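Breakdown of the fold
Residue-level listing of the chains:
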Amino acid sequence: MKDGVSKNTSENISIKSPSVKKNFLLSTAYQVLCIITPFVTAPYLARVLGAEKIGVNSYIGSIIAYFTMFGALGTISYGAREIARVRDDVYARSKTFWEIELLSVCTSGIAIIAWAVFVYLSTQYKVYYFVLTLNILGTMFDISWFYSGMEQFKYTVTKNTVIKIIGIVLVFIFVKTKEHLFNFVLINSACGLFGNVSMWLTLKPFLVKVNRKDLHVFKHFKGTFVFFVPVIATSIYTVLDKTLIGVITHDKTQNGFYEQAHKIIQMVKTFTFGPLNSVLESRSSYLFVHEKFDEIKAHINKSLDFIMLVCIGSVFGILGVADHLVPIFFGEGYEASIPLLKMFSPVLLITGITVTLGSQYYTPSGKRFESAIYIIIGAVVNLICNVLLIPRFQSMGAVIGTIISEFVITVLFMIFCKGYVTLGQIFKVSWKRVIAGLIMFAYLLIMDRFVEGDLLCLIIQVVGGSLIYGILLLLMRDQFLTGYLIPTLKNKFFRKKKATVEGE
């Protein structure tokens, strides 16, 4: 029956071979929207809600995150990898999809029951917690991992783009004062749920009917759990930071200051890491199955080259413009976020290496458990640092703890990655950029001293600093710019020009 189904239905299913470049552009476009969303809403919300309400939102968000993480288990990464491995067999991928999704329904159901008990016992923020139940339902219906495994990013990008735009509009309409935090929480949760549900509308062409007897749901539990371990470990320094700041300091404004600094760092991460690694993780899984190791290494090298280019410039840029960026972006009352943002900036470089190796080597090669051990070690280091530093330094203690733990994880990732990334390789792609970054930083400091007015100074810093960084790298013949980016753009330009001439 299995063979019959595959044969009869595969002719009706026309799925184009995925293109890495096209998927990268689609993913980049969506990640740009993800950056634009907080870029548009964050300044407005910072002024309307204030540091305390922003802190409350950060705190309750950290609480619900634990339940949604359990609901998802390790489905996002594990599911994408498993689908990538069987995507050429329509019956196998249909079977794999339903097994993993049904497992997700079970774990999400347990998470909802546990959440209901937590909400019942809570004495504070109950009304917000009730609305946040939608987040767990959203996890239950989230099948973005299937499209990632199929490398069909257009289906997730288009729908999520529409939902995000609707969400932005709703925020400006229904969030007007500090008392409208409930509206904001509801809009975020509802948009997340609707975005995930909408992905089911285009699912049918990818699947065929599966015999129920062929389904073995719980055989995936071990795999998803292995992927879940690093997720929960990572949460110790991405989510627990916010929880501990609130619990230890009893000051939600500290959560607000931390949240705003963290938000800017996340925006840069989203632009730099998101598009590249979300696309190449599924491709790397496919390549590992077919033992195309040279191609995998080439992808990792090029990814790291690009990430170092952007991150080194971003670190020096943030250090130079933070004094003007924070008051312009968030308004008055967030001055405490400035030193936090400066201290946070090196995280971009450190996590750039970790994310590249994690998504393009450890996960696709089936070494997720290995990486989980390294992440757990880093998480323990972070927890210890938080407990020791937050009581004394408040939100700054959480930032310092994050930097130390991320550095520990990156060192471990590099030691055991079998040469896919080396210290020599990092130095080779970084030294010219560090020189260019330092010169740009000197320019930013000079402008900060002599140009008056936050907005005017920030514009001159950003425009001038970007030009200086780019021009210096071109003069030093930076490998990525002169060896890949410019030749690629030239080829596309001349190809397009040639096609136009021939068309005439």
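For the structure given in this document, a descriptive report is provided here. (Residues numbered from 1 in each chain as written. Predicted model: local features only at pLDDT ≥ 70, side-chain atom pairs only at ≥ 80, totals over all residues. Heavy atoms only, no water.)

**Notes on the overall build of the chain**
Across its full length, the chain holds 21 helices and 0 strands. Of all 504 residues assigned to the chain, the portion counted as buried reaches 54%. For the chain, contacts bridging at least 24 residues in sequence account for 85% of all contacts bridging at least 6. About 23400 Å² of surface is accessible on the chain, with carbon and sulfur atoms providing 68% of the total. (Helix = DSSP H or I, 4+ residues; strand = E, 2+ residues; numbered from the N terminus. Buried < 20%, exposed > 50% of the residue type's maximum accessible area, 1.4 Å probe, protein only. Contact = heavy atoms within 4.5 Å. Areas by Shrake-Rupley, 256 points an atom, 1.4 Å probe, with all protein chains shown as cover.)

**Quick notes on the side chain of Ser371**
As for its position among the elements, Ser371 is in helix α17 (residues 368-393). By relative accessible area, Ser371 is classed as buried at 3%. Leaving out residues up to four positions away in the same chain, Ser371 has contacts with Tyr362 and Phe413.

**Observations concerning helix α14 (residues 293-330)**
The end-to-end C-alpha distance of α14, which contains 38 residues, comes to just 46 Å, noticeably less than the 56 Å that a straight helix rising 1.5 Å per residue would cover. The largest bend in α14 amounts to roughly 70° and is located at Val321. Where α14 terminates, the next one or two residues include Gly331, which has phi positive at roughly 90°. (Expected span 1.5 Å × (residues − 1). Bend = angle between axes of the 7 residues up to and from the residue.)

**Considerations on the packing of helix α11 (residues 240-249) against α17**
Relative placement of two packed helices is described by the angle separating their axes and the distance separating the axes. The geometry of α11 relative to α17 is characterised by a closest axis approach of 10 Å and an angle of 30° between their N-to-C directions. Judged on the interaxial angle alone, α17 and α11 are roughly parallel. For the pair α11 and α17, the crossing hand works out as right-handed. Where α11 approaches α17, its residues Leu240, Asp241, Leu244, Ile245, Ile248 and Thr249 are matched on the opposing element by Asn382, Leu383, Asn386, Ile390 and Pro391. Class assignment of the residues belonging to the contact of α11 with α17 gives a composition of 7 nonpolar, 3 polar and 1 charged. (Axes fitted to C-alpha atoms, helices over the stretch in contact; angles between N-to-C directions. Parallel < 35°, antiparallel > 145°, perpendicular 65-115°, else oblique. Left-handed = near helix turned anticlockwise from the far one by under 90°. Nonpolar A, V, L, I, M, F, W, Y, C, P; charged D, E, K, R; others polar.)

**Re the nonpolar core**
For soluble globular proteins, nonpolar side chains are generally found buried alongside one another. In terms of nonpolar packing, the biggest core is built from 103 residues, with Ile60, Trp115, Tyr129, Leu341, Leu357 and Val421 touching the most fellow members. For this core, the element with the highest residue contribution is α14, accounting for 19 residues. With residues near it in sequence (within four places) discarded, Val421 still touches Ile300, Leu304, Ile353, Leu357, Met414 and Ile426. Formed by 15 residues, the second largest nonpolar core is a distinct cluster that contains Ile83, Phe97, Ile143 and Met150. (Core = buried A, V, L, I, M, F, W, Y, C linked by side-chain atoms within 4.5 Å.)

**Observations concerning the environment of Gly313**
Relative to the helices and strands, Gly313 resides in helix α14. Each C-alpha atom, one on Gly313 and one on Gly470, is 9.2 Å from the other, the two residues being 157 residues apart in sequence. Excluding residues within four positions of it along the chain, Gly313 makes contact with Met440 and Tyr469.

**Focus on the packing of aromatic side chains**
Following the criterion strictly, the structure yields 32 aromatic pairs and no others. Considering the side-chain rings of Tyr147 and Phe206, the 5.8 Å spacing of their centres and the 90° angle between planes classify their relative orientation as edge-to-face. Remark: Phe206 occurs in the loop between α9 (181-198) and α10 (221-238) and Tyr147 occurs in helix α7 (residues 144-150); sequence separation between them is 59 residues. There is no split in this pair, since Tyr147 and Phe206 are both buried. (Phe/Tyr/Trp six-rings, centres within 6.5 Å; stacked < 30°, edge-to-face > 60°.)

**Remarks on α11**
Side chains that are three or four residues apart share a direction in an α-helix, a result of its 3.6 residues per turn. Among the 10 residues that make up α11, 8 are buried, leaving the element largely enclosed by the rest of the structure. Inspection of α11 places Leu240, Asp241, Lys242, Thr243, Leu244, Ile245, Gly246 and Thr249 among the buried residues, and these make up the whole buried set. Backbone geometry just after α11 places His250 at a positive phi near 55°.

**Overview of a nonpolar patch on the surface**
A surface patch of nonpolar side chains, about 610 Å² in accessible area, is lined by Leu455, Ile459, Val463, Leu467, Ile471 and Leu475. Among the secondary structure elements, Leu455 is positioned in helix α20 (residues 454-475). (Patch = residues over 30% accessible without salt bridge, like charges linked within 9 Å, V, L, I, M, F, W, Y side chains within 5 Å. Salt bridge = Lys/Arg side-chain N within 4 Å of Asp/Glu carboxyl O.)

**Some points on the environment of Leu134**
Structurally, Leu134 can be placed in helix α6 (residues 133-141). The exposure class of Leu134 is partly exposed, given its relative accessible area of 23%. Sequence-wise, Leu134 and Leu186 are 52 residues apart; in three dimensions their C-alpha atoms are separated by 8.6 Å. If we ignore the near neighbours within four places in the chain, the residues touching Leu134 are Leu186, Ser189, Ala190 and Leu193.

**Structural notes on the pattern of salt bridges**
Across all of its chains, the model carries 9 salt bridges by this definition. Glu82 is the salt-bridge partner of Arg85, the closest N and O atoms lying 3.6 Å from each other. Highlighted residues: Arg85 and Glu82, both in helix α3 (residues 75-86), separated by 3 residues, approximately one helical turn. For Glu82, a relative accessible area of 15% puts it in the buried group. Of the charged contacts in the structure, one is a salt bridge between Glu99 and Lys95, with a shortest N-O distance of 2.8 Å. Here the residue Glu99 and the residue Lys95 both occupy positions in helix α4 (residues 90-121), the gap between them amounting to 4 residues, near one helical turn. The burial state of Glu99 is the same as that of Lys95; both residues are buried. A cluster of three or more residues bridged by salt bridges with shared partners is formed by Arg81, Glu82 and Arg85.

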